[in-house]
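The primary structure of each chain is shown beneath.
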Amino acid sequence: AAYSDAISMARAGASVCLADLRATVAGDAPTRARSAGVDIRLGTSVVNTRGNLRVQQCALAPYDISTGQSGPQGPWQSVDVVGMSGGWTPSVHLS
């Protein structure tokens, strides 16, 4: 559902970056998402957020799914929303 939601948001005019923990994704979802203007970052994780009363920035990092380890945090990026998929709980996994 993450890819279809990202496509819908991009088609509605949002600037969308999709960080996917997986290094490769089977099927045509990534191709369809890129065609809709979604910036896909494979092998990447959201590792930090910050803001005051709402999320304002997030940071991404390379992620090795075989070891479960994130690499060094990348630069802060301005955001309005951080969506998560795959059974993660933001209050647990982003704290």
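Note that the structure is predicted; figures quoted are calculated from it, not measured.

(A) Looking closely at the side chain of Ser 45. As for its placement among the helices and strands, Ser 45 is situated in strand β3 (residues 44-50). A residue is classified by how much of its surface remains accessible, and Ser 45, at 11% relative accessible area, is buried. With residues near it in sequence (within four places) discarded, Ser 45 still touches Leu 21, Ala 59, Leu 60, Ala 61, Tyr 63 and Ser 70.

(B) The arrangement of the nonpolar core in detail. Tyr 3, Ala 6, Ile 7, Ala 10, Val 16, Leu 18, Val 25, Ala 29, Ala 33, Val 38 and Ile 40 form the largest nonpolar core, which has eleven residues in total. Of all the elements in the fold, those that place two or more residues in this core are α1 (2-11) and α2 (29-35). For this core, the leading source of residues is α1, giving four residues.

What counts and what doesn't
- Residues numbered from 1 in each chain as written.
- Predicted model: local features only at pLDDT ≥ 70, side-chain atom pairs only at ≥ 80, totals over all residues.
- Heavy atoms only, no water.
- Helix = DSSP H or I, 4+ residues; strand = E, 2+ residues; numbered from the N terminus.
- Buried < 20%, exposed > 50% of the residue type's maximum accessible area, 1.4 Å probe, protein only.
- Contact = heavy atoms within 4.5 Å.
- Core = buried A, V, L, I, M, F, W, Y, C linked by side-chain atoms within 4.5 Å.

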